[in-house]
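Summary of structural features
Residue-level listing of the chains:
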Amino acid sequence: MLLIWDAFADNLLKAWERIAFWRNPTPALPNMRLSPRDGDENPLMVQFFTWDCSHPHMSWWKHFESEVPNLAALGVTQVWLPPPNKAMRKEGQGYDAYDLWDLGEFYQKGTIATRWGTKEELVKAMSTANAHGIDVLIDAVLNHKLGADRPEKFMAVPVDPSNRLKDLGPAREIEASTSGWTAFDFLGRGGKYSSFKWTYEHFSGLDWDHRTRAKGVYRIASPNHQGWSRWVDTELGNYDYLLGIDIDHRHPDVRKDLLDWGAWVLQTTGGAGFRLDAIKHMDRRFLLSFIKHVRERLGRNDLFSVAEYWSSNIELIKPYIRSFEGLVTFFDVPLHYNFHDASKAGSRYDLRKILDKTILKYRPGDAVTFVDNHDSIPQQIGQTLESWVGSNFKLQAYALILLYGEGHPCVFYGDLYPNRECYDENVAQGLRRLMDVRRKFAYGQRADYFQQMNCIGFLRKGDGSRGGCAVLVSNADCLEKQEGAGAGQTPTHTIRMDVGLDNVNAKYRSLFHPEGTTVEIGSDGWASFTCPFGGVQVWVKDSDVDS
């Protein structure tokens, strides 16, 4: 009877969602806390990790703490840290989530500390960040669990991996594998913080039958199981199952434990919000209730949350934006793929289309913009999302997200700090300069100059106390020679911009190579700004640079 009622309620909610499909909620960013600091300086997020990062001399949490003053000086107001929970193995990044309630405090999985450090180190680092005016975001891995403590036997149905709604046979008894057991006892934690213990009843699927040594996708079946959630992405028929042991977010005991954890982890660590991992695979009704619950429990109506829905197709993301009622922002994955495509195509890419079909263009108040992250790094073992933005377009992409004035930009650790996975010193130097430009000059209304295929620009007009900036980016092949360029000269683009009559005769200075060139504003308030082929140029008022 309960299952019949749940199905009826699901159908009612589905009908309401279809009726309200075109109803757009209030944009999320204007109502969220993006900075703990007073004043009107531009907020900025940094993702402070790569996939395989480590520090040779200290824990990652101590490394973060040591860099807090430098991040604050660069204008950073938010830091997204890796998952702080105990993983299934000592070196696990935390996306292989074992125990959410163990932040590096209990001896479990052969270690007290997580890959990143101990709970004490985490709390201390986050306290230091808060003292320097930086909020910290918790990476919440709520989709699955791995590394259980013992196996169980239960009935499951094999399904077609390419269409999870198609059964491949009747239900059969299976035994979970040694790497994916379904019973989680957390004996090392001994019930502290949460006494909840997980069994197969709290999951909806897995990918291995240890009895027959068969890999596949299996839907757990019992009188109390409801099958896959209907409130997930429809890729592969139903994308509820991603990896590991898939959590059933409809189970009341599961919901209570995860809702309690959401409020507890922010209170315990001093965190300011969440990055929500892999939302296309989770019941979106639960995720919405999770955010609402934490907001209400902690009295934080401006709680920041950003979701990862990994798709280059903006049309697939739009329904999720509507579903979350303006309480969640979204990483602009379509914009990231535009940057990736531009870096691959070189001068064949039309820069006038760089913002097309992106969250930034569709709903800038919901867009968290980024160039790359830990999932896009090339040649990562087990990574399937590789879409790295090459160095030939990296700074152009960062100039667009950092200086454009819409969306909330996120800078990637791998582009900013030396590391063994993806570091480019020239990119890092240019990126730090762009972050400085954002902090000092990228203010005021914007006017776009997107007329040329291989060079686009925009003007930030300043806000009274800060003079603004003119920004140009190019993807032209540096080997091509602009008509009129002499031997040994770097070919340049030129874009005329209306700086305004209040700037007549003012001089603007270039901040990137060639650095220090000046342009004088004409009597009509217009000026011709230049940019080298394949490069970035930022122009600011001479008097603003001196001051």
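Note: the structure precedes this text.
Throughout what follows, the structure given in this document is the object of discussion. No experiment lies behind these values; they were computed from the predicted model shown.

Each value, and the rule that gives it
Residues numbered from 1 in each chain as written. Predicted model: local features only at pLDDT ≥ 70, side-chain atom pairs only at ≥ 80, totals over all residues. Heavy atoms only, no water. Helix = DSSP H or I, 4+ residues; strand = E, 2+ residues; numbered from the N terminus. Expected span 1.5 Å × (residues − 1). Contact = heavy atoms within 4.5 Å. Salt bridge = Lys/Arg side-chain N within 4 Å of Asp/Glu carboxyl O. Buried < 20%, exposed > 50% of the residue type's maximum accessible area, 1.4 Å probe, protein only. Polar contact = N/O pair within 3.5 Å; in protein donor to acceptor, adjacent residues only side chain to side chain. Pairing = 2+ DSSP bridges. Axes fitted to C-alpha atoms, helices over the stretch in contact; angles between N-to-C directions. Parallel < 35°, antiparallel > 145°, perpendicular 65-115°, else oblique. Left-handed = near helix turned anticlockwise from the far one by under 90°. Nonpolar A, V, L, I, M, F, W, Y, C, P; charged D, E, K, R; others polar. Core = buried A, V, L, I, M, F, W, Y, C linked by side-chain atoms within 4.5 Å. Lys, Arg positive; Asp, Glu negative; His and termini not counted. Disulfide = S-S within 2.5 Å.

What follows concerns helix α3 (residues 119–131). In an α-helix there are 3.6 residues to a turn, and that puts residues three or four apart on one side. Here α3 is 13 residues long and its end C-alpha atoms lie 18 Å apart, about the 18 Å a rise of 1.5 Å per residue gives. Turning to α3, the residues buried within the fold contact α2 (60–73), β5 (135–140) and α4 (252–269). One or two steps after α3, the chain reaches Gly 133, where phi turns positive at roughly 75 degrees.

What follows covers the pattern of salt bridges. Throughout the structure, instances matching the rule amount to 39 salt bridges. Two residues, Asp 99 and Arg 189, come together in a salt bridge whose shortest N-O distance is 2.7 Å. Placement of Asp 99 in strand β4 (residues 97–99) and of Arg 189 in the loop between β9 (172–175) and β10 (203–209) is noted, with a sequence separation of 90 residues between them. Sharing partners across several salt bridges, the network here consists of Asp 52, Glu 91, Arg 115 and Arg 420.

With respect to the secondary-structure elements, Glu 308 resides in the loop between β14 (304–307) and α6 (314–323). Exposure remark for Glu 308: the relative accessible area of 8% places this residue in the buried category. Glu 308 sits 33 residues away from Arg 275 along the chain, and the two C-alpha atoms are 7.5 Å apart. In this structure the side chain of Glu 308 is engaged in a polar contact, spanning 2.8 Å, whose partner is the backbone nitrogen of Ala 278.

In strand β16 (residues 367–370), alternate side chains face the same way, and those of Ala 367 and Thr 369 on one face and Val 368 and Phe 370 on the other are all buried. In this sheet, strand β17 (residues 408–412) lies alongside β16 in parallel orientation, the contact comprising three bridges. The partner of Thr 369 across the bridge, within β17, is Pro 409.

Before going further, it helps to examine the environment of Leu 276. If you trace the backbone, Leu 276 turns up in strand β13 (residues 273–276). Taking the C-alpha atoms as reference, Leu 276 lies 4.7 Å from Ala 307; in sequence the two are 31 residues apart.

Before going further, it helps to examine the sheet that holds strand β22 (residues 507–510). The strand order across the open sheet built from six strands is β18-β19-β20-β25-β22-β23, with neighbouring strands paired in antiparallel fashion. The strands lining the two open edges of the sheet, one partner per strand, are β18 (446–449) and β23 (518–520). Sheet twist, expressed as the mean angle between neighbouring strand axes with direction ignored, is 20 degrees.

We now examine the packing of α2 against α3. To describe two helices that pack against each other, one gives the angle between their axes and the distance between the axes. At a minimum axis separation of 9 Å, α2 and α3 run at an interaxial angle of 15 degrees. In terms of orientation, α2 and α3 fall into the roughly parallel class. As for how α2 packs across α3, the hand of that crossing is left-handed. Only Glu 121, Leu 122, Lys 124, Ala 125, Thr 128 and Ala 129 of α3 make contact with α2, whose side of the interface consists of Trp 61, Lys 62, Phe 64, Glu 65 and Val 68. Classifying every residue of the contact of α2 with α3 by side-chain character gives six nonpolar, one polar and four charged.

What follows is about the nonpolar core. One finds Trp 261, Phe 274, Phe 330 and Val 538 to be the most contacted residues of the largest nonpolar core, which totals 141 residues. The element that contributes the greatest number of residues to this core is helix α9 (residues 391–403), accounting for nine residues. Ignoring sequence-local partners within four residues, the contact set of Val 538 consists of Leu 403, Leu 434, Val 437, Cys 469, Ala 470, Val 471, Arg 509, Ser 510, Leu 511 and Phe 512. Of all hydrophobic cores here, the second largest spans 17 residues; its members include Leu 472, Ile 495, Val 499 and Val 519.

Along the chain, Asp 257 turns up in helix α4. One buried charge, Asp 257, has no salt-bridge partner; the nearest side chain with opposite charge is Arg 189, at 6.4 Å. Apart from the residues within four sequence positions on either side, Asp 257 is in contact with Trp 101, Ser 194, Phe 196 and Trp 198.

Hydrogen bonds along the backbone pair up the strands of a sheet, which may run parallel or antiparallel. The parallel closed barrel is built from eight strands, whose spatial order is β1-β2-β5-β13-β14-β15-β16-β17. Averaged over neighbouring strand pairs, the angle between their axes works out to 25 degrees when direction is ignored. Looking at chain direction, β14 and strand β15 (residues 329–331) are connected through two bridges and run parallel. The residue bridging Val 306 from the neighbouring strand is Thr 329, located in β15. The strands touched by α9 are β16 and β17; relative to β17, the strand with the most contacts, the crossing angle is about 140 degrees.

Inspection of every chain in the model, using the stated rule, returns zero disulfides. Summary of cysteine pairing: Cys 469 is not part of a disulfide, and the nearest cysteine sulfur, belonging to Cys 531, is at 13 Å.

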